[in-house]
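Structure assessment
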Amino acid sequence: MRVKVLVRNPDDYVRETKRDVHKVPRNYDPSLHPFDVAREYTRALNATKLERVFAKPFIGSLDGHKDSVHCLVKHPKSLSTLLSGSCDGEIKIWDLPKQECTRTITAHTGYTRGVCIQPDCQSLFSVGDDKIIKQWKMEPPAYGQVEEPLMTILGKTIFTGIDHHWKDPVYATCGERVDIWDEHRTEPVRSFTWGLDSITSLKFNPVETNLLASTASDRNIVLYDMRGATPLRKVILEMRSNAIAWNPMETFIFTVANEDFK
């Protein structure tokens, strides 16, 4: 018969006085620790997470809008300038290094659905829930002068987005359909429709400037060519896309913000 006895000596773990350090048994032989690799991996992973937590990716906030922000547009030539449109109809121009609002435009009644800037940066266009397209000067008015739009076009339906051509004096709006506008005319020069649901956003391609893409509320992505009479192609996704953007380096690739959290 074989008998095994477990011995527990209090002298190995009990302190003699209250000022003594707690005795912790520890074996420094790595061969006796089968989970040593897993422990080191956990420690490295926690260290990486802590580095990301304390990396401070948040730089600052641009405070000043009274209502939620609906659209953002960057300046095509100035990296320090940003434009934002809010749900109360205001358009604000921001100075990013100073994080200050340099100008506020009371543009529309209701939502400001979209803002775009001319390629020469002399003026900007905006659309809103009041069915109006407005053109504004990029330069602020003189002291004491009332700010008025350069041009106002009343549409038949609500506009949900706008984007300007990269070279020509042409811009496009979306809503119930995609309309192509000339800056010197008050009626669209061409219109595209495919389906019955409203179109939420659209963007011109920066290289193939006659090509533009749009997203619709019926989960569609549609490509258009301004030189043609009909849309080029439609892609149907599983869920709705809310925004679209072309890759500035590889312009044959575009990215959509979809509601499938991907």
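For the structure itself, consult the block above.
Now for a quick tour of the structure. Nothing here was measured: the structure is a model prediction, and the numbers come from that model.

What follows covers the overall build of the chain. Secondary structure assignment for the chain yields 1 helix and 18 strands. The C-alpha atoms of the chain give a radius of gyration of 30 Å, which is well past the 18 Å a tight globule of 262 residues would have. Along the first, second and third principal axes, the C-alpha atoms of the chain reach 105 × 50 × 30 Å. Looking at the chain residue by residue over its 262 residues, the buried ones come to 34%. Counting only carbon and sulfur atoms, one obtains 55% of the accessible surface of the chain, whose full area is about 18,000 Å². Measuring between centres, the 35 positive side-chain charges of the chain sit 7 Å from its 35 negative side-chain charges.

Moving on: the sheet that holds strand 15 (residues 220-225). Strand pairing in a sheet takes place through backbone hydrogen bonds and is either antiparallel or parallel in direction. On the basis of which strands lie adjacent, the open sheet formed by 4 strands has the order 13-14-15-16 and antiparallel pairing. The open sheet terminates on both sides in strands that have one partner only, identified here as strand 13 (199-204) and strand 16 (233-236). Across the sheet, the axes of successive neighbouring strands diverge by a mean angle of 20°, strand direction being ignored. Here strand 15 runs beside strand 16; their pairing, made up of 4 bridges, is antiparallel. Across the sheet, residue Asn220 finds its bridge partner in strand 16, namely Ile236.

Mapped onto the elements, Asp163 comes out in strand 9 (residues 161-164). Of the side chains with opposite charge, Lys203 comes closest to the buried, unpaired Asp163, at an N-O distance of 4.2 Å. Polar contacts involving the side chain of Asp163 include one to the main-chain amide nitrogen of Phe204, which spans 2.7 Å. Not counting residues up to four positions away in its chain, the partners in contact with Asp163 are Cys116, Tyr171, Ala172, Leu202, Lys203 and Phe204.

Rules used throughout
Residues numbered from 1 in each chain as written. Predicted model: local features only at pLDDT ≥ 70, side-chain atom pairs only at ≥ 80, totals over all residues. Heavy atoms only, no water. Helix = DSSP H or I, 4+ residues; strand = E, 2+ residues; numbered from the N terminus. Rg over C-alpha atoms; globule rule 2.2 N^0.38 Å. Buried < 20%, exposed > 50% of the residue type's maximum accessible area, 1.4 Å probe, protein only. Areas by Shrake-Rupley, 256 points an atom, 1.4 Å probe, with all protein chains shown as cover. Lys, Arg positive; Asp, Glu negative; His and termini not counted. Charge placed at Lys NZ, Arg CZ, Asp CG, Glu CD. Pairing = 2+ DSSP bridges. Axes fitted to C-alpha atoms, helices over the stretch in contact; angles between N-to-C directions. Salt bridge = Lys/Arg side-chain N within 4 Å of Asp/Glu carboxyl O. Polar contact = N/O pair within 3.5 Å; in protein donor to acceptor, adjacent residues only side chain to side chain. Contact = heavy atoms within 4.5 Å.

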